[in-house]
Amino acid sequence: MVSAHANNEGSQESASITPGGTYTIQTVSVGCKIYIRRPTPDGEEERLAEILSIRDKPVNSYTSAQRTNARGGVKEEEEDAPDKPEDKWEYFVHWDQFNKRLDEWVTGSRLILGRDLEWPRPKVLPGKKAGPGSLQKAPGKAPRSQSLLKKATSNAAAAASPTSASTPGRSAFPSPSPAPSLKRKLTDDEEEEEEEEIEGDDVDAEGEMDVDGEGDTFELNVNGAQVETPPPVSSFSKEQEIEKLRTSGSMTQSISEIARVKNLNRLQIGKHEVEAWYFSPYPKEYAHLPVLYICEFCLAYFPSPMMLSRHRQRCTLFHPPGNEIYRHQDISVFELDGKRQLSWCRNLSLLSKCFLDHKTLYYDVTPFMYYVMCLRDSTGCHIIGYFSKEKESAENYNVACILTLPQHQRHGFGKLLIEFSYELSKKEGKLGSPEKPLSDLGLLGYRAYWAEVIVELLINTTDELSIDDIAQKTSITHADIMNTCTTLQLFKHYKGQHIICLSEAVLEKHEKVRNKRRRRIYADNLIWKPPVFTRDQLRFY
């Protein structure tokens, strides 16, 4: 029995709750919130999660082939059958108060049917009362016939396995791709409620993007400008997206592009195996594999270790196919032109999209230069991370996308990449800034770098420094310097004017950072001249 409570104070209805034990797994649909068992280091916990998509348990031909016994060639068919009847369905869930990168597919047996089921709350147009079960079309939603991007986003997940709509005995709810908003986590009073759109057989469940439950929450908008409401999905097309990549960098403009359901589980890169965080547009034949095997030198991708080993016997690459412009100890940096090394850069973009949500470079890589940092040993140059840079940036961005691969994070390589990008800006004689908005991890990394560099400069300089002096010495833009000084509370009012003053807390924190041994970029080892492009070379059509 469903208990619905109407909310007369606002324009939205209260969530309908179905008591635990009074519904079955066939009742659970996209947009519902339900408690799910989640493994933890201490055992297991019951955590609230939102259902973003439902599918039949996928059966991939590569997976079936891997389950064949190598000794006798006997196929272990009993492994293909689910242990429990409810395990024939899988649910893509967003954990409450967790970051979106932790979204995952869970089996039906992990759903706790004995606890309450919360139904999505439909949005109601202002001035209209909503009757029971009535759903109003959300503003900005495109009709199904016009929403080409929506079809494209759901195609990758839907093509690999049938959706729950085709499953007998279940409610006719297909598995759409969720469309989270770009806003950060809000308070309970400000939290946007879920909206649902029904057009024939088309259903959308929208979930909001969350930040990590741990640590501080930072505003994504570094410049302090007011965040504009994104235009409706219907106003976008693939051609417009590509054009905007050329004119405004690599930041995706369409919400539906960052809303796709994650289609990869794990990636094996060299000797490391990592979890994928977000959707990446690999071919649909590779979707939902247990492990996708990637050559760590040419970044080609394979569904099985046997195919990867055969490829390694023929692959001749042992470093990125570009010019080595920096070498110090075991660190090397290679410069690649996206127009010349098209296949390699596309493979890099596909890989990086697994760990970047708001940035997309897989549409077209020709307008960008790539700077790939590698760890060098006797077997070759192993990629640590990279950043891309527009060949011609109207906003003077010195970084479009920047990524340290997860297996190399928390070792100081992210800050090293940031420092290297500013060394290039110093060689160019320009002020540089990363493209906005930054991801949560990217913003933390840049703020730490800006704070370290600015405080270090102020400590080591006896003369008076203005904001412009700091910008010229560090190649950091005035806006980023102002934002960092404001965050560190360095501005003080003294005798009718503002001065920069280092507090004891800032000095103490900086001393702790200095005591940590970290890698640095040495400008003397950088052999590079800023590339100059003609008008014809900047014509990418």
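None of the values given here were measured: they were computed from a predicted structure.

Draft legend 1. Region of the structure containing the overall build of the chain. Within the chain, the regular secondary structure consists of 10 helices and 21 strands. Looking at the chain as a whole, 48% of its 541 residues qualify as buried. Within the chain, contacts between residues at least 6 apart in sequence are counted, and of these 67% link residues at least 24 apart. When the accessible surface of the chain is split by element, carbon and sulfur atoms take 50% of a total near 27600 Å².

Draft legend 2. Spotlight on the packing of helix H7 (residues 440-460) against helix H8 (residues 467-474). Axis separation between H7 and H8 bottoms out at 11 Å; the angle between their running directions is 110 degrees. When the interaxial angle is binned, H7 and H8 end up roughly perpendicular. The crossing of H7 and H8 is right-handed. Across from Val453, Ile454, Leu457 and Leu458 in H7, the residues of H8 making contact are Ile470, Lys473 and Thr474.

Draft legend 3. Up close: the side chain of Ser352. The residue Ser352 is located in helix H5 (residues 342-353) in this model. Taking relative accessible area as the criterion, Ser352 reaches 4% and is therefore assigned buried. Apart from residues lying up to four places away in sequence, Ser352 is in contact with Tyr386 and Leu403.

Draft legend 4. Broad picture of the nonpolar core. One finds Ile325, Tyr326, Tyr371, Phe420 and Ile481 to be the most contacted residues of the largest nonpolar core, which totals 38 residues. Looking at this core, the elements that each hand over two or more residues are strand E13 (323-328), strand E14 (331-337), strand E15 (368-377), strand E16 (380-390), helix H6 (413-428), H7, H8 and helix H9 (478-487). A per-element tally of this core places H7 first, with 9 residues. Tyr371 has contacts with Ile325, Val333, Phe334, Glu335, Gly385, Tyr386, Phe387, Lys389, Phe420, Leu424 and Trp528, leaving out every residue within four places of it along the chain.

Draft legend 5. Fine view of the pattern of salt bridges. What the rule picks out here adds up to 19 salt bridges. Arg47 is paired through a salt bridge with Glu45; the nearest N and O atoms lie 3.3 Å apart. Residue classification places Glu45 among the partly exposed positions, given a relative accessible area of 24%. Here Glu452 and Arg518 are joined by a salt bridge, their closest N and O atoms 3.3 Å apart. In this pair, Glu452 is assigned in helix H7 and Arg518 in the segment after helix H10 (504-515), connecting sequence segments 66 residues apart. For Arg518, a relative accessible area of 24% corresponds to the partly exposed category. Sharing partners across several salt bridges, the network here consists of Lys415, Glu419, Glu452, Arg518 and Arg520.

Draft legend 6. Expanded view of the sheet that holds strand E10 (residues 272-275). Reading across from one edge, E10-E9-E11-E12 is the order of the 4 strands in this open sheet, with mixed pairing throughout. Sheet topology places E10 and strand E12 (301-302) at the edges, where each strand pairs with a single neighbour. The pairing of strand E9 (residues 266-269) with E10 spans 4 bridges and is classified as antiparallel. Each residue of the ladder has a partner; that of Gln268, found in E10, is Glu273.

Draft legend 7. Focus on unusual backbone geometry. Residue Pro437 is bonded to the preceding Lys436 through a cis peptide linkage, with omega at 0 degrees. Along the polypeptide, Pro437 turns up in the loop between strand E19 (433-434) and H7.

Draft legend 8. Quick peek at the packing of aromatic side chains. On inspection of all chains with the given rule, the structure shows 12 aromatic pairs. Between Tyr286 and Tyr301, the aromatic rings sit 5.3 Å apart at their centres with planes inclined by 90 degrees, giving edge-to-face as the arrangement. One end of the pair, Tyr286, is in the loop between E10 and strand E11 (291-294); the other, Tyr301, is in strand E12, and 15 residues separate them in sequence. What makes Tyr286 buried here is its relative accessible area of 16%. Consider the rings of Tyr370 and Tyr386, whose centres lie 6.0 Å apart with planes at 25 degrees: the pair is stacked. Of the two residues, Tyr370 sits in strand E15 while Tyr386 sits in strand E16, which places them 16 residues apart along the sequence. Taken together through their ring pairs, the aromatic side chains of Tyr326, Tyr371, Phe387, Phe420 and Trp528 make up a single cluster.

Draft legend 9. Main features of the pairing of E9. Because side chains alternate across E9, one face comprises the buried residues Leu267 and Ile269, and the other comprises Arg266 and Gln268, none of which is buried. The hairpin turn running from E9 into E10, its antiparallel successor, is 2 residues long, and Gly270 in that turn takes a positive phi close to 65 degrees. Pairing between E9 and E11: 4 bridges, direction parallel. From the neighbouring strand, Arg266 faces E11, where its bridge partner is Val291.

Draft legend 10. Region of the structure containing the side chain of Glu423. Relative to the helices and strands, Glu423 resides in helix H6. The residues touching Glu423, leaving out its near neighbours within four places in the chain, are Ile521, Ala523 and Leu526.

Draft legend 11. Representation of the pairing of strand E20 (residues 491-494) within the structure. Judged from the 4 bridges that link them, E20 and strand E21 (residues 497-500) form a sheet pairing that is antiparallel. Looking at E21, one finds that Phe491 is bridged to Ile500. In sequence, E20 turns back onto E21 through a hairpin of 2 residues, with Lys495 there showing a positive phi of about 50 degrees.

Draft legend 12. Quick peek at the sheet that holds E15. Pairing within the open sheet is antiparallel, and its 5 strands lie in the order E13-E14-E15-E16-E18. Strands with a single pairing partner mark the edges of an open sheet, and in this sheet they are E13 and strand E18 (402-404). Across the sheet, the mean angle separating the axes of adjacent strands is 20 degrees when strand polarity is ignored. Along the sheet face, H6 touches E13, E14, E15, E16 and E18 and points at about 50 degrees away from the line of E16.

Conventions and cut-offs
Residue positions within a chain follow its written sequence, with the count starting from 1. Residue-level local features of this predicted model are given only where pLDDT is at least 70; pairs of side-chain atoms are given and counted only at 80 or more, and the full residue set underlies all totals for whole chains, interfaces and linings. To obtain the side-chain values, all non-hydrogen atoms of the structure were used and water was disregarded. Strands here mean DSSP runs of E at least two residues long; helices mean DSSP runs of H or I at least four residues long; both are numbered from the N terminus. Burial here depends on accessible area, computed with a 1.4 Å probe over protein chains only, as a share of the maximum for the residue type. Under 20% is buried, over 50% is exposed, and the range in between is partly exposed. Throughout, a contact is declared for two residues whenever any of their heavy atoms are within 4.5 Å. Residue exposure ignores everything except the shown protein chains as possible cover, and the areas themselves are Shrake-Rupley values with a 1.4 Å probe. In this analysis an axis means a line fitted to C-alpha atoms, helices contributing only their contacting stretch, and an angle means the value between N-to-C directions, from 0 to 180 degrees. Each angle gets one of four labels, with under 35 degrees taken as roughly parallel, over 145 as roughly antiparallel, 65 to 115 as roughly perpendicular, and the rest as oblique. By the definition used in this description, the sense in which the near helix is turned from the far one sets the handedness, with an anticlockwise turn below a right angle giving left-handed and a clockwise turn giving right-handed. We call a set of buried residues a nonpolar core when its members are Ala, Val, Leu, Ile, Met, Phe, Trp, Tyr or Cys and they connect through side-chain atoms within 4.5 Å of each other. Just to be clear on terms, a salt bridge is a Lys or Arg side-chain nitrogen sitting within 4 Å of an Asp or Glu carboxyl oxygen. Pairing between strands is defined by DSSP: at least two bridges between them are needed. Note on aromatic pairs: the rings of Phe, Tyr and Trp (six-membered ring only in Trp) are paired at centre separations within 6.5 Å, and the planes decide the class, stacked below 30 degrees, edge-to-face beyond 60, tilted for the rest.

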